[in-house]
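Read off the chains here:
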Amino acid sequence: MIQNEREIREELVVEAARRMMVAARTAPKGKGIDVIEIGLVTGEDIARLSTEMIRVSEETGFKFFLRDAENLKSAGAVVIIGTRQQAQNLNCGHCGFPTCGAKPAAVPCAINSVDLGIAVGSACAMAADMRVDTRVMFSAGLAAQRLGLLGESKCVLAIPVSCASKNPFFDRKPKE
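Read on for an overview of the structure.

The rules behind each value
- Residues numbered from 1 in each chain as written.
- Predicted model: local features only at pLDDT ≥ 70, side-chain atom pairs only at ≥ 80, totals over all residues.
- Heavy atoms only, no water.
- Helix = DSSP H or I, 4+ residues; strand = E, 2+ residues; numbered from the N terminus.
- Rg over C-alpha atoms; globule rule 2.2 N^0.38 Å.
- Contact = heavy atoms within 4.5 Å.
- Areas by Shrake-Rupley, 256 points an atom, 1.4 Å probe, with all protein chains shown as cover.
- Lys, Arg positive; Asp, Glu negative; His and termini not counted.
- Charge placed at Lys NZ, Arg CZ, Asp CG, Glu CD.
- Phe/Tyr/Trp six-rings, centres within 6.5 Å; stacked < 30°, edge-to-face > 60°.
- Buried < 20%, exposed > 50% of the residue type's maximum accessible area, 1.4 Å probe, protein only.
- Lys NZ or Arg CZ within 6 Å of the ring centre and 35° of its normal.
- Axes fitted to C-alpha atoms, helices over the stretch in contact; angles between N-to-C directions.
- Parallel < 35°, antiparallel > 145°, perpendicular 65-115°, else oblique.
- Left-handed = near helix turned anticlockwise from the far one by under 90°.
- Nonpolar A, V, L, I, M, F, W, Y, C, P; charged D, E, K, R; others polar.
- Core = buried A, V, L, I, M, F, W, Y, C linked by side-chain atoms within 4.5 Å.

### Thoughts on the overall build of the chain
Alright, step 1. What the chain contains, in helices and strands, is five helices and four strands.
Alright, step 2. Taken from the N to the C terminus, the helices and strands of the chain come in the order α-β-α-α-β-α-β-α-β.
Alright, step 3. Its C-alpha radius of gyration of 17 Å places the chain within 12% of the 16 Å reference for a compact globule of 176 residues.
Alright, step 4. If one aligns the C-alpha atoms of the chain with their principal axes, the spans along those axes are about 60 × 40 × 25 Å.
Alright, step 5. Residue pairs at least 24 apart in sequence account for 73% of intrachain contacts in the chain once pairs closer than 6 positions are excluded.
Alright, step 6. By element, 53% of the accessible surface of the chain is carried by carbon and sulfur atoms, the whole surface being about 9400 Å².
Alright, step 7. Computing the positive centroid from 22 side-chain charges and the negative centroid from 20, the chain places the two 4 Å apart.

Dropping the structure here:
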């Protein structure tokens, strides 16, 4: 049997994204408590995510959401990673408040945010190991959060994944 890479590219991108999800899941967590949520967006749901990014741009006036919304269409898959908010009761003060009890509920626990960053870094390291193209996008993550794609997760980041002759997520032109 002979398989042409062009014919199975979409399948390969989704497999790479799934491995990125495993890397994010197994990344170290503060106090060993797992508050990370991970999802995979493919097919028509990428278009839905892109549409939400356009809505966010219209609401906020941030043009980079338009650029990123268009850019997202080049992805074969999008890994979304977020965190449930759960104070870790370390009273570390990294959130800006002296104790976890003094922290308002709307202020995220800094340890949760650090865990998110480590998970995203692990996912991107796996992508690099597999030589697929990625870019971490705050914009697509916010749109995923607003759509509730990871339930009640806060602080969601998105990683579009592509397999092309040139990384479509760099050398991007700003939208007017």
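### Quick notes on the packing of aromatic side chains
Alright, step 1. Scanning the entire structure with this criterion turns up three aromatic pairs.
Alright, step 2. Taking 6.2 Å as the distance between ring centres and 70 degrees as the angle between the ring planes, the aromatic pair formed by Phe65 and Phe138 counts as edge-to-face. A residue pair is termed long-range when its members are at least 10 positions apart, and Phe65 in helix α3 (residues 64-72) and Phe138 in helix α5 (residues 138-146) qualify at 73 residues.
Alright, step 3. We classify Phe138 as partly exposed; its relative accessible area is 47%.
Alright, step 4. Looking at Arg135, its charged tip hangs above the ring of Phe170, at a distance of 4.4 Å from the centre.

### Describing the packing of helix α1 (residues 5-25) against helix α4 (residues 110-130)
Alright, step 1. Between α1 and α4, the least distance of the axes is 7 Å, while the angle of their chain directions is 140 degrees. Between α1 and α4, the crossing angle belongs to the class labelled oblique. Of the two elements, α1 crosses α4, and the hand of that crossing is right-handed. Residue-level inspection shows Ala16, Arg19, Met20, Ala23 and Ala24 of α1 in contact with α4, the latter providing Ala119, Ser122, Ala123, Met126, Ala127 and Met130.
Alright, step 2. Among the residues forming the contact of α1 with α4, the class breakdown is nine nonpolar, one polar and one charged.

### Concerning the nonpolar core
When a protein is soluble and globular, its nonpolar side chains tend to lie buried together.
Alright, step 1. Met20, Ile38, Val79, Ile81, Ile159 and Val161 are the most contacted members of the largest nonpolar core, which totals 21 residues.
Alright, step 2. At the level of secondary structure, the elements contributing two or more residues to this core comprise α1, β1 (36-41), β2 (77-83), α4 and β4 (154-162).
Alright, step 3. The element contributing the most residues to this core is α1, with seven residues.
Alright, step 4. If we skip the residues at most four places from it in the chain, Met20 touches Val79, Ala123, Met126, Ala127, Met130, Thr134, Ile159 and Val161.
Alright, step 5. Ranked by size, the runner-up nonpolar core spans 19 residues in total, among them Met53, Leu72, Met137 and Ala143.

### Re α3
Alright, step 1. All of the buried residues along α3 are Phe65, Arg67, Asp68, Ala69, Asn71 and Leu72.
Alright, step 2. Residues of α3 that are buried sit in contact with α2 (44-60), β2, α5 and β4.

### A closer look at the side chain of Glu52
Alright, step 1. Mapped onto the secondary structure, Glu52 falls in helix α2.
Alright, step 2. With residues up to four places along the chain from it excluded, the contact list for Glu52 reads Ala143, Arg146 and Leu147.

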